[in-house]
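Single-letter residue listing:
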Amino acid sequence: MQRHVARLATTLALGLALTGTAFADPVDDSLSIETDDGVLEIVTTTAAPAHLSDVMDTIYSGWHFREDETRALQRDDFDNPGMVYVDRALDSWNKAQGAKGESCAGCHEGPESMKGLRAVTPRVDATTGALMTVENYVNECVTDRMGLEAWGMTGDKMKDMLALISMQSRGEVVNIAIDGAAAPFWEAGKEIYYTRFGQLEMSCANCHEDNQGRYIRADHLSQGQVNGFPVYRLKDAGILTAQQRFVGCVRDTRAETFKPDSAEFKALELYVASRGNGLSVEGVSVRH
Amino acid sequence: MTRQFWLATAAMLCITSPVASETAPSAVTYVDGAIDVSLTGSPGDAAAGKKVMTTASLGNCVACHQIGTIPEADFQGDIAPPLDGVADRYSEAELRGLVANAKMTFEDSFMPAFYKTEGFTRPGAAYSGKAPTEDLPPILTAQQIEDVVAYLITMTE
């Protein structure tokens, strides 16, 4: 019921008729996070990147569309349930777990060596020409350099590590390359974003572009940005990758989903990430 | 043709067309978006229709529409126009067409087509996320469509 109260207040403040389908705006608020190293300002609202200028002026982190209590959990690392996974990954980072006792730390030193990576991925790797997510990079080391079986793309080990690596870029501005070698992947992702899938015939854009700010039943529709990923989701009491979230959204259109790490979802992640160019990486965000 | 084949076909027909007078989704005729005759050949049940409209796995109309006459359904969405007074704006035939396939009235509508079984991109078996293993049923049965229509025509203001 809480949102009804909030909406009532907003509607009255704006002096609109209660029956009007008023555009329920993202909450006007800003995010600074108490971290071990002091306060970090996060860009959660900014001008839309040029490639979106036809469809919107402003981009918002999903943080703006969540309830007060959920937003509060992200203001202090002490309260953010996602930090448990980051700690767990730090143990994994230092552990001699390779076939010959290799550890991530042995080759990369501290996790700070990963600074900046999350802000520019998915990207086309300059040497191999392959489209790479952070998870793909991790698995390349796990298999080729440590002689282990690949980690499951949405398994705990992988998600923990993704959380730790994302945290190294927290506060950095998302800057996904969309031209050059990335262009064909970006186009493919865009095509998927605007395709109306499933028996409900709904595209990502139908919900996250056309109806952003509105309520679909109890859900306040955000722009479906991925700058906050991995997210700690209260509903699942666990962390989720962007592509896991895509699976849920596609399934909810009564469609056959794509799998995490499929060519389709990798291209889609690149495209969706580029719609957030200008927002900050949030490390591990908190959503309901 | 073997005898088994015919038996199997006969059994399938029994399942897919439970009532002889029912119009299948692919056989529906739309005239300017409207469907003139009942899909079951008889009027629906408004009380059952109300249930379909508020059940998430069925019509879930309240996900997008506000329906003032059903205040007990909480968290009504604001994606689409409120349905109150809808019977003053549309005839029964138009309402039947809107519920069966709103895209026949509003081109490219965001509203799902509840009585349609073909022409989808990567349809799944309901909300499983998996490809269907059998012919896709419509989201609502002919009876459920008629039940919803029966409720909608009570919505005068």
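Calculation criteria
Residues numbered from 1 in each chain as written. Chains lettered and ligands numbered in written order. Predicted model: local features only at pLDDT ≥ 70, side-chain atom pairs only at ≥ 80, totals over all residues. Heavy atoms only, no water. Domains from an automatic or database assignment. Contact = heavy atoms within 4.5 Å. Buried area = accessible area lost by both parts, 1.4 Å probe. Helix = DSSP H or I, 4+ residues; strand = E, 2+ residues; numbered from the N terminus. Buried < 20%, exposed > 50% of the residue type's maximum accessible area, 1.4 Å probe, protein only. Expected span 1.5 Å × (residues − 1). Core = buried A, V, L, I, M, F, W, Y, C linked by side-chain atoms within 4.5 Å.

Residue and element names in this part refer to chain A. Under the domain assignment used here, chain A contains domain 1 (27-80 + 173-287) and domain 2 (83-167). The interface of domain 1 with domain 2 comprises 31 residues on the first partner and 22 residues on the second. Buried area between domain 1 and domain 2, both sides added, is near 2,200 Å², and the carbon and sulfur share of it is 67%. When the buried surface of domain 1 facing domain 2 is broken down by residue, Ile 239, Thr 241 and Lys 266 rank first, second and third, together holding 24% of it.

What follows covers the side chain of Ser274(A). Among the structural elements, Ser274(A) can be located in helix α11 (residues 263-274). Judged by relative accessible area, which is 0%, Ser274(A) ranks as buried.

This part takes up α11(A). Given 3.6 residues per turn, any residue in an α-helix points the same way as the ones three and four places further on. Residues and elements named next belong to chain A. Given a rise of 1.5 Å per residue, twelve residues ought to cover 16 Å, and the 17 Å separating the end C-alpha atoms of α11 matches this to within 8%. Counting buried residues in α11 gives ten out of twelve residues, a clear majority hidden from the surface. Among the residues of α11, Phe 265, Lys 266, Ala 267, Leu 268, Glu 269, Leu 270, Tyr 271, Val 272, Ala 273 and Ser 274 are the ones counted as buried. Residues of α11 that are buried sit in contact with β5 (123-124), β6 (131-132), α6 (134-145), α8 (183-193) and α10 (242-251).

Glancing now at the nonpolar core. Residue and element names in this part refer to chain B. Counting residues in hydrophobic clusters, the biggest one holds 39 residues, and the most contacted among them are Met 53, Ile 67, Ile 145 and Leu 152. Mapped by element, the contributors of at least two residues to this core are α2 (46-54), α4 (92-101) and α5 (142-152). With six residues, α5 is the single largest residue contributor to this core. The contact partners of Met 53, leaving out residues within four places of it in the chain, are Gly 59, Asn 60, Cys 61, Val 62, Ile 67, Leu 83, Val 148, Tyr 151 and Leu 152.

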